[in-house]
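# Observations on the model geometry
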Amino acid sequence: MKKIIVVILCFISLISPLAAKDKSSQLFEIASTSALVFDMQGQEVLYSEQPNKIVPIASITKLMTALVILEDNQPFDELLTVDIDKTKELVGVKSRVKVGSQLSRKDLLIIMLMSSENRAASALAHHYSKGYDAFITQMNRKASELGMINTNFVEPTGLSEKNISTAEDLTRLLIALNKQPLIQQWSRIDTFEANFQKPSYTLPFRNTNHLVFNDKWDIRLTKTGFTNAAGHCLVMLTTINNKQVTLVVLDAFGKQTHFADANRIKTWLETGEIKPVPDSAKQYKKTR
């Protein structure tokens, strides 16, 4: 426990306060409202913007859902019934996954992580060993353990705008997930076919981060998120300029803006080139 506290304190000292290192960093900008890029090996902040701004995080929530499920140590091959009764946020939300059908815990984790399937997240929480309410409690307990002091969860999908965090807190979560190879592996699967039972049917799923299909990116972990309240969000464990980094961008404008910001950051850190931000994105950012 002492080691955890020391690591957290060291991390806090690194990212607050943040100072621009050179003129180019003062000129560089992104479209997202909040961001943080952290070099895990060099223990150095490479870029940040409003890293402590508290915002809804949409489906980035599902990374904590996955971590709590893995730490519950229940069988991956157990068939779980898709249950959404206690997740009120799912009322009226459409899905191809049929309520009452069954899928293994492992496959539910996969489609939740790589394709952000909401009913999968709900089913996993409903089948937590100590019950749904205990699951939500454990999400917040785990966040506190990791030093995520500005984070709160009320449900497992991210549909609630009361699921909040900061770029700094999510960086702490990503650092913890750097020691979770299964979550990393499952999150970056590009396409997946899930075989449900009772009734029997098959559904194809595709990764919500199209950068996993791009050879220019070395992605070890990824999660996207979107709600109207949260905007478009993206977190990754990846490599930039030969450095293993955490990358968090929150509340971006437009369906591709969070990906464009990731590319802007990568290009700037590797070449020094500053790619412009569209005026429409700048206007959106001013309103947030």
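Our subject in this report is the structure included herewith. Predicted model only: the values in this text are computed from it and were never measured. (Residues numbered from 1 in each chain as written. Predicted model: local features only at pLDDT ≥ 70, side-chain atom pairs only at ≥ 80, totals over all residues. Heavy atoms only, no water.)

## Some remarks on the overall build of the protein
- Per the secondary structure count, the protein includes ten helices and eleven strands.
- If one aligns the C-alpha atoms of the protein with their principal axes, the spans along those axes are about 60 × 45 × 35 Å.
- A total of 288 residues make up the protein; the buried ones form 55% of that total.
- The long-range fraction of contacts in the protein, counting pairs at least 24 apart against all pairs at least 6 apart in sequence, stands at 66%.
- Working note: accessible area of the protein is about 13100 Å², and carbon and sulfur atoms make up 51% of it. (Helix = DSSP H or I, 4+ residues; strand = E, 2+ residues; numbered from the N terminus. Buried < 20%, exposed > 50% of the residue type's maximum accessible area, 1.4 Å probe, protein only. Contact = heavy atoms within 4.5 Å. Areas by Shrake-Rupley, 256 points an atom, 1.4 Å probe, with all protein chains shown as cover.)

## Some points on the sheet that holds strand 1 (residues 34-39)
- Pairing is antiparallel across the open sheet formed by five strands, whose spatial order is 2-1-11-10-9. Among the strands making up the open sheet, the edge pair consists of strand 2 (44-49) and strand 9 (219-227). Across the sheet, the axes of successive neighbouring strands diverge by a mean angle of 5°, strand direction being ignored.
- Across six bridges, strand 1 lies against strand 11 (residues 243-252) in antiparallel orientation. Bridging across to strand 11, L36 finds its partner in V248.
- Across the sheet, helix 7 (residues 167-177) lies against strand 1, strand 9, strand 10 (231-240) and strand 11, angled at about 140° from strand 11, the strand it touches most. (Pairing = 2+ DSSP bridges. Axes fitted to C-alpha atoms, helices over the stretch in contact; angles between N-to-C directions.)

Just distances and angles here, no functional claims.
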